[in-house]
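Chain and residue survey
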Amino acid sequence: MKKLKLDIIGLSYSQTQSGAYALVLGEVNGRRRLPIIIGGFEAQAIAIEIEKMTPSRPLTHDLFKSFAESYKINIQEVIIYNLVEGVFFSKLVCNDGKKITEIDARSSDAIALAVRFGCPIYTYEFILASAGIVIEGSDFVFLDNIEPTSSITPQEKDAQKTNSFSSYSDDELQKRLQEALAEEAYEKAAKIRDEISKRKSN
């Protein structure tokens, strides 16, 4: 399966989940964006490294890097390899000079380590096609070229009720989606996109 390279586009505070952040990854040489909801600690770990700030004491991801380097282990790449019920699955591809080992990791932790090791981040076409948002010209367009992911979790249902997206008409949802994207509120856009996807699958 062909891997698609991603870059970190932005990190913003979640408008709907307290203490959560929306990490936006962008397809290299492409127009698609992949929003991933992550926790505050992981968001801080990513932001600190991107901004090249040095904390007074090593954070957990800094400790992991120092530990790995002490044993001459390098992370070659991070792959976001699956998406199940709104949850992204990632793995670290590690090399100690003798063998390559793949280690399962949360996507937020994997990306926090990727920025520290300076390694590339990849995903697959089916993930971008099902969970991405694409820009055509100056507009964002919802991707629907493959079947949406399987049934949503009870937590996601509660989130949809809280956001009241289910009460909007199709036209209103499209309008809200465009407004969210114009404001770069990618996490909100992802939730509206999920509501549109659910309707199309019915």
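Where an unreviewed UniProt entry is consulted, the protein chain appears under the name Bifunctional nuclease domain-containing protein, with the organism given as Pedobacter alpinus.

The full count for this structure, using the stated rule, is three aromatic pairs. When the centroid spacing of 6.5 Å and the interplanar angle of 10° are considered together, the rings of Y124 and F126 count as stacked. The side chain of K65 reaches across the aromatic face of F117, ending 6.0 Å from its centre. Positioned over the ring face of Y81 is K91, at 5.3 Å from the centre of the ring.

What follows is about the nonpolar core. Grouped together as the largest cluster of nonpolar side chains are 30 residues, with contacts concentrated most on L25, L34, I75, V78, I80, F88 and L92. For this core, the secondary-structure elements that each account for two or more residues are β1 (3-13), β2 (20-27), β3 (32-39), α1 (40-50), β4 (74-84), β5 (87-95), α3 (107-117) and α4 (125-131). Among the elements that take part in this core, α3 stands out by supplying six residues, more than any other. Leaving out residues up to four positions away in the same chain, I75 has contacts with F64, L92, V93, C94, L113, F117 and C119. Listed in part, the eight residues of the second largest apolar core include L177, A180, A189 and I196.

Turning next to the state of the cysteines. Applying the stated criterion across every chain yields a total of zero disulfides. Between C94, a cysteine without a disulfide, and C119, which holds the nearest cysteine sulfur, the sulfur-to-sulfur distance is 8.8 Å. Overall, the relative accessible area of 7% leaves C94 in the buried class. Residue classification places C119 among the buried residues on the basis of a relative accessible area of 11%.

Tallied over the entire structure, the rule returns nine salt bridges. Two residues, E125 and R32, come together in a salt bridge whose shortest N-O distance is 2.8 Å. Of this pair, E125 sits in helix α4 while R32 sits in strand β3, and the two are 93 residues apart along the sequence. Of the charged contacts, one joins E42 and R106 as a salt bridge, the two residues approaching to 2.4 Å between their closest N and O atoms.

Buried within helix α2 (residues 60-70) we find H61, D62 and A68. Angular distribution of buried residues about the axis of α2 spans 130°; they occupy a single face of the element. Those residues of α2 that are exposed and aimed more than 90 degrees away from the buried face are T60, L63, F67 and S70. Structurally, α2 contributes buried residues whose contacts are with α1 and α3. One or two residues past the end of α2 sits K72, with phi positive at roughly 55°.

Rules used in this analysis
Residues numbered from 1 in each chain as written. Predicted model: local features only at pLDDT ≥ 70, side-chain atom pairs only at ≥ 80, totals over all residues. Heavy atoms only, no water. Phe/Tyr/Trp six-rings, centres within 6.5 Å; stacked < 30°, edge-to-face > 60°. Lys NZ or Arg CZ within 6 Å of the ring centre and 35° of its normal. Core = buried A, V, L, I, M, F, W, Y, C linked by side-chain atoms within 4.5 Å. Buried < 20%, exposed > 50% of the residue type's maximum accessible area, 1.4 Å probe, protein only. Helix = DSSP H or I, 4+ residues; strand = E, 2+ residues; numbered from the N terminus. Contact = heavy atoms within 4.5 Å. Disulfide = S-S within 2.5 Å. Salt bridge = Lys/Arg side-chain N within 4 Å of Asp/Glu carboxyl O. Arc of directions from axis to C-beta.

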